[in-house]
Amino acid sequence: MSLVERLHLDEVVTSYPELGPTAPDGGYSWIVLLGVIFIQITVPSVLSMYGVVLGYLAKNDALDFDVWSQKITWTPILFVAFWNLADPWTRAIAELASIPRLVGLIGVGLLSTGIIASGYLATGGVGAYLASLSAGAVMGIGASFVIVQSETLLRKHFRVRLPLVLALKNIAASFGYTLVPALTHFLLEETDLKAGLLLMTTALIPTAMGTLALRSPAPQRASPYRLLLSGDEDNELGIRMAPDIAEETNDQSNSANNVSYLHSSAKQDTNAAPLFSEVNSIYAFQEDEDVELFVNPSVRSKRWQQEFRVLRYFRFWAALVTWIGMKAYSLFFWILVPTLYLKRSLPEYYSDWVMLLIVAGFGTFLPSVGSCWLIITTMRYRRIYFGVTCWLGSLVLIGKVNETLSPKSTTIIFPGLTFASNYYWFFTCSLLGGISINGLLICQDSTLCDVLGNQFAHRSRNLFSTFIGLGMLFFCFMRSENVCLRVVALLQFLGGSYWLMPPIWDIIQARSIRQA
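Everything numeric in this text was worked out from a predicted model, so none of it was measured.

Draft legend 1. Representation of the pattern of salt bridges in the model. Counted under the stated rule, the structure contains four salt bridges. In this structure, lysine 169 engages glutamate 151 in a salt bridge whose closest nitrogen and oxygen atoms are separated by 3.5 Å. Of this pair, lysine 169 sits in helix H6 (residues 162–190) while glutamate 151 is found in helix H5 (residues 128–157), placing the two residues 18 residues apart along the sequence. Taking relative accessible area as the criterion, lysine 169 reaches 10% and is therefore assigned buried.

Draft legend 2. Representation of the packing of aromatic side chains within the structure. Per the stated rule, a full pass over the model turns up 24 aromatic pairs. A ring pair is formed by tyrosine 498 and tryptophan 499, whose centres lie 5.1 Å apart and whose planes are at 75 degrees; its orientation type is edge-to-face. With respect to burial, tyrosine 498 and tryptophan 499 carry one shared label: buried. Linked through ring pairs, Phe314, Phe316, Trp317, Trp323, Phe386, Phe464, Phe467, Tyr498 and Trp499 together constitute an aromatic cluster.

Draft legend 3. Just the packing of H6 against helix H7 (residues 193–200), in detail. Two elements in contact, H6 and H7, have axes separated by 8 Å at closest approach and are oriented at 140 degrees. Relative to H7, the element H6 lies oblique. As H6 runs across H7, the sense of the crossing is right-handed. Of the residues in H7, those in contact with Val180, Leu183, Thr184, Leu187 and Leu188 of H6 are Leu193, Gly196, Leu199 and Met200. Split by residue class, the contact of H6 with H7 holds seven nonpolar, two polar and no charged.

Draft legend 4. Summary view of a nonpolar patch on the surface. A contiguous nonpolar patch, built from Leu34, Phe38, Ile205 and Met209 and spanning about 360 Å² of accessible area, is present on the exposed surface. Only helix H1 (29–42) and helix H8 (205–212) provide two or more residues apiece to the nonpolar patch. Its location among the elements puts isoleucine 205 in helix H8.

Draft legend 5. Up close: the packing of helix H15 (residues 353–363) against helix H16 (residues 365–376). Between H15 and H16, whose axes approach to 4 Å, the crossing angle comes to 15 degrees. Comparing their axes, H16 and H15 come out roughly parallel. In contact with Gly361, Phe362 and Gly363 of H15, H16 contributes Phe365, Leu366 and Pro367. Across the contact of H15 with H16, the residue classes break down as four nonpolar, two polar and no charged.

Draft legend 6. Looking closely at helix H14 (residues 314–344). The largest bend in H14 is about 45 degrees, located at leucine 336, with the proline proline 338 one to four residues further on. Buried residues dominate H14, accounting for 26 of its 31 residues.

Draft legend 7. Structural detail: the environment of arginine 155. Along the chain, arginine 155 turns up in helix H5. Put simply, arginine 155 and aspartate 25 are 130 residues apart on the chain and 9.7 Å apart in space, counted from C-alpha to C-alpha.

Draft legend 8. Spatial organisation of the side chain of serine 29. Mapped onto the fold, serine 29 is located in helix H1. You can call serine 29 buried: its relative accessible area is 1%. Every residue in contact with serine 29, bar those within four places of it in the chain, is listed here: Pro24, His157 and Phe158.

Draft legend 9. Seen up close, H6. Over its 29 residues, H6 runs 42 Å from end to end, which matches the ideal 42 Å to within 8%, given 1.5 Å per residue. Along H6, the sharpest change in direction is near 25 degrees and occurs at leucine 179; proline proline 181 comes one to four residues later.

Draft legend 10. The confidence of the model for the protein chain, seen in detail. In the predicted model, the protein chain carries a mean pLDDT of 76, and 73% of its residues have values of at least 70. Counting contacts from residues 1–18, a segment whose pLDDT is below 50, to residues more than four positions away or on other chains yields 59 contacts. Throughout residues 403–410 the model reports pLDDT below 50, and contacts reaching past four residues in sequence, or to other chains, amount to six contacts.

Draft legend 11. Region of the structure containing the environment of tryptophan 334. Assignment of secondary structure puts tryptophan 334 in helix H14. Through-space distance from the C-alpha of tryptophan 334 to that of leucine 356 is 9.8 Å; in sequence the pair is 22 residues apart. Not counting chain neighbours up to four residues away, the residues in contact with tryptophan 334 comprise Leu47, Ser48, Gly51, Tyr177, Leu357, Ala360, Gly361 and Ile437.

Draft legend 12. Quick look at the environment of glycine 325. Of note, glycine 325 is situated in helix H14. Judged by its relative accessible area of 0%, glycine 325 falls in the buried class. A C-alpha to C-alpha distance of 5.4 Å links glycine 325 and glutamine 492, two positions 167 residues apart in sequence. Those residues within four positions of glycine 325 in sequence are excluded, and the remaining contacts are Val488, Leu491 and Gln492.

Draft legend 13. Layout of the state of the cysteines. Per the stated rule, a full pass over the model turns up zero disulfides. As a non-bridged cysteine, cysteine 443 has cysteine 390 as the owner of its nearest cysteine sulfur, 8.4 Å distant. Its sulfur unpaired, cysteine 484 is 9.6 Å from the next cysteine sulfur, which belongs to cysteine 476.

Draft legend 14. Structural detail: the nonpolar core. Formed by 108 residues in total, the largest nonpolar core has its most connected members in Phe79, Trp323, Phe332, Phe333, Leu417 and Phe475. Per element, the largest residue contribution to this core is 19 residues, and it comes from H14. Per-domain counts for this core show at least three residues from each of domain 1 (24–217) and domain 2 (303–515). When neighbours within four sequence positions are excluded, tryptophan 323 is seen to be in contact with Phe386, Gln444, Thr447, Leu448, Phe464, Ile468 and Trp499.

Quick notes on the rules
- Residues numbered from 1 in each chain as written.
- Predicted model: local features only at pLDDT ≥ 70, side-chain atom pairs only at ≥ 80, totals over all residues.
- Heavy atoms only, no water.
- Salt bridge = Lys/Arg side-chain N within 4 Å of Asp/Glu carboxyl O.
- Helix = DSSP H or I, 4+ residues; strand = E, 2+ residues; numbered from the N terminus.
- Buried < 20%, exposed > 50% of the residue type's maximum accessible area, 1.4 Å probe, protein only.
- Phe/Tyr/Trp six-rings, centres within 6.5 Å; stacked < 30°, edge-to-face > 60°.
- Axes fitted to C-alpha atoms, helices over the stretch in contact; angles between N-to-C directions.
- Parallel < 35°, antiparallel > 145°, perpendicular 65-115°, else oblique.
- Left-handed = near helix turned anticlockwise from the far one by under 90°.
- Contact = heavy atoms within 4.5 Å.
- Nonpolar A, V, L, I, M, F, W, Y, C, P; charged D, E, K, R; others polar.
- Patch = residues over 30% accessible without salt bridge, like charges linked within 9 Å, V, L, I, M, F, W, Y side chains within 5 Å.
- Areas by Shrake-Rupley, 256 points an atom, 1.4 Å probe, with all protein chains shown as cover.
- Bend = angle between axes of the 7 residues up to and from the residue.
- Expected span 1.5 Å × (residues − 1).
- pLDDT = per-residue confidence, 0-100.
- Disulfide = S-S within 2.5 Å.
- Core = buried A, V, L, I, M, F, W, Y, C linked by side-chain atoms within 4.5 Å.
- Domains from an automatic or database assignment.

See the structure below:
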């Protein structure tokens, strides 16, 4: 991908997409939003469905149940890994495809095939060995097709109302986290495992209907160039600069002139709108390699050099560690909570195990409703929110807070999932886990753009997704639930520290300067 792309607008060549046609923000766009809501209710909640499946298998022999001896455990791990590995390719296909509905239906077909294959895998049917390696991979590729295509079209159809639309999308995913575990539990109780997973494919019927509503917006001529006269996006150039130029997110160096540094960071903090100018890539570009406008000749290099240049920066690796921890946290939380509870509780309390996932689904509503604020708030507060949520996720996994009320009193312990042993602790961990997981997922794109810069994040997106998928594959070789939880909690803690400490330090410095 070249550093600069050209947009032909009324025979005028420009390198800024803001000068192009405006998004529809109405009409058939609301039908597209309805289709995306159907997709979000079903696809992201696939992980919670497999948490119910593992709980169903563990209920009969919880004490001797070994999660890693079940071949179906590989399915959700490979699902998440191949979802990330396939994202660069499916994104390229989605941008080139002239029929978005066909791309979405292909994804739904792959998802259905993977779910059916995992049913044979869990019961040892014909081709179980092949299914153990292919079911999760096929499902991950299908989910990538559906989600990438739907989100790409959603940003093409909405711009002015994009914060509201993204909040509605997140709320739809929260409904899925709540309804899908209950539906899966009902089907498994009424039928056996193979038939239950076969019937779960009927839950993808709304997904197929949602993909049928996908359609690219009709070409429109630009309205009067009001963006040329408005000062709302003047600061966008600061975000489009390469990250080797000083910006607010350069947390590794401290400016010698604190007053100048605070002034520049305050100017960038007020810039929330540029997120949409880059993340919301709603315009069709003509990419020409022979003409490059507004580019310093020193940065003209080969394409592979541009993509791999990001490996030199510490912030890329810090973001990579955080994202691997975030994806693994979401994975193991949804699939291990029922199993851990059944292995540590008494048989008379087994009937309440599915409520833990439903409670976690209810917990996801809080960040979903607040996502409209997270999208438009300042960069500093987004980073603080993201760091605190990472620490909360680490606490949910292995948290252990000791407080001695008096010398003779016993110690009060708040255990995470690693130490929880009764229903009330699992209930609390489930609620907090749902809040932290969805809180991380709804702002992952904007937070990544904050730390890497919009163009730099866009340029390194393929490499970033590939590394995340490869990192998730390493969890296939871990054979202990507690080891997985501890590793993920460590990644969450380190990532949260990187996101949280610099803005807090900036606030402390600003207050000290004001007092001086």
